[in-house]
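Examination of the molecular architecture
So the chains spell out like this:
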Amino acid sequence: METEVDAIEELLTIEAEIEDVQDQIKLLLERQEKLHERQSELKFLLEAYRASGTGNSANENASRSSSLEDWSGSFEWDSQADDVRLNIFGIPSYRQNQKEIINAIMSGRDVLVIMAAGGGKSLCYQLPAILRDGVALVISPLLSLIQDQVMGLTALGIPAYMLTSTTSKENEKFIYKALEKGEGELKILYVTPEKISKSKRFMSKLEKCHNAGRLSLISIDEAHCCSQWGHDFRPDYKSLSILKTQFSNVPVVALTATATQKVQYDVMEMLRIPKCVKFVSTVNRPNLFYTVRSKSSIGKVVVDEIAEFIQESYPNSESGIVYCFSRKECEQVAAELRERGIAADYYHADMDVNAREKVHMRWSKNKLQVIVGTVEIYIHITFNTQYLLTVRFVIHHSLSKSMETYYQESGRAGRDGLPSECVLFYRPADVPRQSKRQCRRNAFFQHFAEPLQDCNGMCNNCAFCSEVREVDVSQYFLEVWLPAAIAYVSAGCSLLYLTREDLIKRVRLLIVGLPVPGHAKVMVSLLQAMQENDQRLTMLQLVDKMKNKKKELGSDIKKEEMEQLVIQLILDHVFKEEFQHTAYATNAYVTLGPLANQVLQDKKIVKLEVSSKQKNKDDSMKSANHSLTFSGLELKLDELRGELSSGHGGIFPHSVLSSQQISTISSLKPSSTQEASSYHVDMLLLSSYSWHGAGWNIIPLEKIIGKLKTEKYGSKILDEIKKYTDSGPSDNGIEEEGSENRASKRLKTKKGLVVIESSDEEL
Ligand SMILES: Nc1ncnc2c1ncn2[C@@H]1O[C@H](COP(=O)(O)OP(=O)(O)OP(=O)(O)O)[C@@H](O)[C@H]1O
Ligand SMILES: [Mg+2]
């Protein structure tokens with residue numbers, strides 16, 4: 001005879017099984033979505049092949065086999081490349097894929113590079129540009145980016161020029177002569193895409209350069225601008241297709257930090273490089289700590305929290321960016337941050353050039369700690385990237401327009417590879433899309449179709465557990481479910497004659513009490529009714545309409561919870577989002593999804609996750625304080641690079657010594673400029689973080705910063721080290737650590753599970 005306990009047990013088993021089935025459905029739906037996406041990409045690609053007449057199996061085979069080629073082996077230019085890398089660029093070792101990309105370009109192949117922001121894409125084309133004979137043409141979307149690159153290269157003694165509206169007549173003459181006649185020293189020439197599409201004169205000079213065999217390579221930076229599917233489509237990038245047509249034997253290198261599969265195909269098609277070798281590095285930025293915080297609906301409270309976060313985490317005025325939704329909001333937030341004692345100013349497209357330049361200057365001289373910018377298109381690249389190298393935190397006061405944009409914007413933090421933070425203030429009302437309670441960086445992996453990687457506790461969900469209570473909103477609250485089931489069984493109903501499905505149905509009917517359907521069902525019915533009347537609703541409109549259903553619901557549910565419910569329904573495929581793009585905005589509508597009927601027919605349980613401990617989030621924010629500050633010798637070297645940069649025509653301090661180089665020098669404390677022993681120093685450098693301290697000062701400075709910088713600044717740097725070491729050990733008597741080590745140790749001890757060990761990414 002079945003007892004009450006048996007029935008409850010069986011009920012629980014069924015519940016678990018149903019959940020399991022639902023999870024599987026969810027996975028299958030996700031898979032279906034991916035397959036659809038891939039299907040449309042392939043169709044698109046085939047069309048493109050047919051249109052450009054390049055679609056034949058030989059090409060496809062060539063493209064496929066290219067990915068099998070080994071680009072990491074030995075090549076004749078290896079030692080020359082190593083020499084340029086270290087002695088001109090001052091870079092001690094390659095990062096992931098850099099060597100392979102350089103080898104492919106040097107072999108004359110077209111290349112597509114997808115590499116994270118700050119991953120080191122520039123070196124991939126700049127190094128071959130130096131090694132190959134002739135002039136390399138670089139197309140970059142913005143003047144400020146171009147100025148930034150040319151200034152950096154000039155500081156390294158590389159003959160780089162730009163041909164833009166700001167180029168002097170004298171330089172223009174020099175450039176044209178160099179292109180036409182090969183006179184003068186010109187290795188890298190930067191232009192905007194408009195130069196290609198609009199200047200016949202330039203194109204004819206370029207043709208002459210090519211005819212004389214002097215066009216060494218063509219590099220297209222921020223290549224996602226080619227694609228209408230990308231977040232920064234630039235019509236002028238379309239005209240770049242002419243380059244491969246006209247200069248078919250010159251290798252084309254397309255580089256971008258963000259490109260979904262669709263965008264990648266678009267870029268290949270647009271630039272006519274179907275046989276290119278593709279290098280996709282992970283989107284992961286292991287040095288960035290991601291936090292999502294709930295955002296108060298009261299503006300002042302949000303600014304209070306931002307100010308408190310900055311002051312507590314970055315007391316030494318480390319730089320950061322705050323992104324806001326509108327220009328007005330930018331100005332307001334900047335003013336409110338100033339009122340709270342933070343050196344902040346706004347930066348947006350409506351400002352005149354002088355005002356913007358002023359902000360640049362104050363920022364570069366460390367007079368401004370925070371730039372408040374708009375999340376509008378281009379902001380992430382309009383700002384001179386050299387200033388961004390030492391950005392320690394990026395705060396989103398408002399959500400970005402898309403995942404790509406968020407990745408780009410937040411990726412402005414920690415471009416020097418050192419620990420940095422990205423904080424997103426989120427209200428469900430901002431946009432109906434949110435990652436579930438899962439690892440924050442998984443959202444990137446999923447979006448860019450990359451296999452999941454370990455977060456290493458570098459986001460607030462993985463680093464700090466928070467208590468989550470699940471509430472069943474499909475019918476009625478979970479708390480009512482079991483007691484009612486027990487009551488039903490106790491009432492003496494014989495359940496033995498019922499099928500499992502019947503059992504569930506009946507128990508549900510009893511719990512629901514028929515006239516009181518759950519919130520999820522009411523919401524789905526409401527949306528269905530609206531759709532039947534051809535009306536579209538945004539999330540806010542839907543939530544608003546739900547307020548009128550209070551009677552039907554029989555209980556109160558807060559607006560925020562209602563918003564959260566919409567999101568949960570989207571995640572559960574009960575609803576789906578539909579985006580409508582206009583020139584100025586993207587409208588997001590909520591529509592019925594594939595599982596809507598399941599809810600209407602009481603076949604699907606919707607559980608709402610309600611965080612019961614807000615405090616955890618706040619604690620996590622405080623614990624996430626792992627700001628990077630210089631101390632001891634690092635501070636001295638930081639001051640020295642400031643002096644040297646202003647003494648060398650106002651170049652960026654970073655061009656003299658990068659923060660990583662400062663860190664390495666402070667750890668290794670070299671005592672000579674040149675090598676005196678036959679150690680395999682590269683190996684030592686790779687492991688320097690664990691071996692720093694007494695005894696390793698046999699490593700010459702030249703091996704850390706390269707010949708060129710050593711010649712220019714070596715004696716001053718060694719003087720500084722000597723002065724510092726002669727003045728005795730630090731006050732507290734503890735062996736000094738590199739800032740990176742301090743930061744990672746702090747992370748380790750505070751959170752118990754965060755590991756940022758030195759890796760091949762870090763030196
Ligand atoms: N192998 C390396 N080791 C150390 N630092 C490197 C290495 N390669 C590049 N860098 C440095 O990393 C920083 C970022 O490089 P770069 O500007 O090329 O990034 P990017 O990939 O073009 O990023 P973005 O998408 O933001 O333009 C620069 O300071 C560069 O000198
Ligand atoms: Mg770049």
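Residues numbered from 1 in each chain as written. Chains lettered and ligands numbered in written order. Predicted model: local features only at pLDDT ≥ 70, side-chain atom pairs only at ≥ 80, totals over all residues.

Observations concerning the overall build of the chain
Within the chain, the regular secondary structure consists of 33 helices and 17 strands. The buried share among the 763 residues of the chain stands at 43%. Within the chain, residue pairs in contact and separated by at least 24 positions form 77% of the contacts whose partners lie at least 6 positions apart. (Helix = DSSP H or I, 4+ residues; strand = E, 2+ residues; numbered from the N terminus. Buried ≥ 20, exposed ≤ 12 C-beta atoms within 10 Å, placed from the backbone. Contact = placed C-beta atoms within 7 Å.)

Re the pairing of strand β1 (residues 111-114)
Where burial is concerned, the two faces of β1 agree: the one with V111 and V113 and the one with L112 and I114 are both buried. Where β1 and strand β6 (residues 252-256) come together, four bridges link them in parallel fashion. Following the sheet pairing, V111 is matched in β6 by V253. Pairing of β1 with strand β7 (residues 277-280), which is carried by four bridges, proceeds in the parallel orientation. Each residue of the ladder has a partner; that of L112, found in β7, is K278. (Pairing = 2+ DSSP bridges.)

Examining the site of ligand 1
If you check the shell around ligand 1, you find 17 residues, and the closest are A117, G120, K121, S122 and A257. Sorting elements by how many residues they give to the shell around ligand 1 places helix α5 (residues 121-131) first, with three residues. Considering only residue class, the shell around ligand 1 consists of seven nonpolar, seven polar and three charged. Viewed by domain, the shell around ligand 1 spans two of them, domain 2 (89-280) and domain 3 (288-435), each represented by three or more residues. (Near = placed C-beta within 6 Å. Nonpolar A, V, L, I, M, F, W, Y, C, P; charged D, E, K, R; others polar. Domains from an automatic or database assignment.)

Description of helix α7 (residues 169-181)
The terminal C-alpha atoms of α7, which comprises 13 residues, lie 18 Å apart, in line with the 18 Å expected from a rise of 1.5 Å per residue. Residues of α7 that are buried include every one of I175, A178 and L179, and no others. Around the axis of α7, the buried residues are gathered within 95° of arc, so they sit on the same side. Residues of α7 that are exposed and point over 90 degrees away from its buried face: K169, E170 and K173. Against β2 (135-139), β3 (160-162), β4 (188-191) and α9 (200-211) lie the buried residues of α7. G182, located one to two residues past α7, shows a positive phi value of around 75°. (Expected span 1.5 Å × (residues − 1). Arc of directions from axis to C-beta.)

Comments concerning unusual backbone geometry
One non-glycine residue, N97, adopts positive backbone phi at about 75°. Positionally, N97 belongs in the loop between α3 (78-87) and α4 (98-106). When the 22 C-beta atoms within 10 Å are taken as the criterion, N97 is described as buried. With a phi angle near 60°, S317 is a residue other than glycine that sits in the positive phi range. Relative to the helices and strands, S317 is located in the loop between α12 (299-313) and β9 (320-324).

As for the nonpolar core
Counting 80 residues, the largest nonpolar core has V113, L189 and A254 as its most contacted members. Residues in contact with L189, not counting those within four places in the same chain, are V135, L137, V138, Y161, L163 and I175. Within the second largest apolar cluster, 41 residues are counted, among which are V303, Y346, V394 and V423. (Core = buried A, V, L, I, M, F, W, Y, C linked by C-beta atoms within 7 Å.)

Here's the deal with the sheet that holds β6
Ordered in space as β3-β4-β2-β5-β6-β1-β7, the seven strands form an open sheet in which the pairing is parallel. Every other strand in the sheet has two partners, leaving β3 and β7 as the edge strands with one partner each. With strand direction ignored, the average angle separating the axes of adjacent strands in the sheet is 15°. Pairing geometry for strand β5 (residues 215-220) and β6, over three bridges, is parallel. Counterpart to I220 in the pairing with β6 is A254. The strands touched by helix α6 (residues 143-155) within the sheet are β3 and β4, with β3 carrying the most contacts at an inclination of about 155°. (Axes fitted to C-alpha atoms, helices over the stretch in contact; angles between N-to-C directions.)

Brief notes about the sheet that holds strand β8 (residues 288-294)
Through backbone hydrogen bonds, the strands of a sheet pair up, either in parallel or in antiparallel fashion. The six strands are arranged β8-β13-β12-β9-β11-β10 in an open sheet whose pairing can be described as parallel. In this open sheet, the two edge strands, each paired with only one partner strand, are β8 and β10 (344-347). Pairwise comparison of adjacent strand axes, ignoring direction, gives a mean angle of 20° for this sheet. Both β10 and strand β11 (residues 370-374) contribute to a ladder of four bridges, which runs parallel.

Describing the confidence of the model for the chain
Segments scoring low in pLDDT should not have their predicted coordinates read at a detailed level. When pLDDT is averaged along the chain, the result is 74; 71% of the residues meet or exceed 70. Every residue in residues 377-384 scores below 50 in pLDDT, and together they form 18 contacts with partners more than four places removed in sequence or on other chains. Here the predicted complex carries an ipTM of 0.99, next to a pTM of 0.58. (pLDDT = per-residue confidence, 0-100.)

Here we look at the environment of V372
Along the polypeptide, V372 turns up in strand β11. We classify V372 as buried; it has 28 C-beta atoms within 10 Å. In sequence terms V372 and C330 are 42 residues apart; their C-alpha atoms lie 5.6 Å from each other. Apart from residues lying up to four places away in sequence, V372 is in contact with V322, C324, C330, V333, A334, A344, D345 and Y346.

Concerning the UniProt feature "coiled-coil region" (unreviewed entry) in the chain
UniProt records the feature "coiled-coil region" (unreviewed entry) at residues 4-38, using the numbering of this structure. As a span, residues 4-38 carries 100% helix and 0% strand, and end to end its C-alpha atoms are 51 Å apart. (UniProt positions renumbered as here; feature names shortened; annotations may be inferred.)

Some words on the packing of helix α27 (residues 633-647) against helix α32 (residues 702-726)
Interaxial distance between α27 and α32 falls to 10 Å at its minimum, and their mutual angle equals 150°. The orientation of α27 with respect to α32, classified from their angle, is roughly antiparallel. In terms of crossing hand, the pair formed by α27 and α32 is right-handed. Facing L633, K636, L637, L640 and L644 of α27, the residues of α32 in contact are Y713, K716, I717, E720, I721 and Y724. (Parallel < 35°, antiparallel > 145°, perpendicular 65-115°, else oblique. Left-handed = near helix turned anticlockwise from the far one by under 90°.)

Let's talk about the pairing of β4
Side chains of β4 alternate between two faces, with I188 and Y190 and L189 and V191 buried alike. With four bridges connecting them, β2 and β4 associate as parallel partners. Bridge pairing in β4 links L137 to L189. With respect to chirality, the unit in which β3 leads through α7 into the neighbouring parallel β4 is right-handed. (Right-handed = clockwise from strand over helix to strand, strands pointing away.)

Side note on α3
A81, V84, R85 and L86 are the residues of α3 that are buried. Its buried side turned inward, α3 meets α4, α5 and α32.

What to know about the environment of E720
The topology assignment puts E720 in helix α32. As for E720 and L640, which are separated by 80 residues in sequence, their C-alpha atoms are 8.1 Å apart. When neighbours within four sequence positions are excluded, E720 is seen to be in contact with K636, L637 and L640.

Concerning the packing of α7 against α9
At their nearest, the axes of α7 and α9 sit 7 Å apart, and the two run at 40° to each other. As summarised for this structure, α7 and α9 are arranged oblique, according to the angle between their axes. Only K205, L206, K208 and C209 of α9 make contact with α7, whose side of the interface consists of Y176, L179 and E180. Each residue belonging to the contact of α7 with α9 can be placed in one class, and the counts come to four nonpolar, no polar and three charged.

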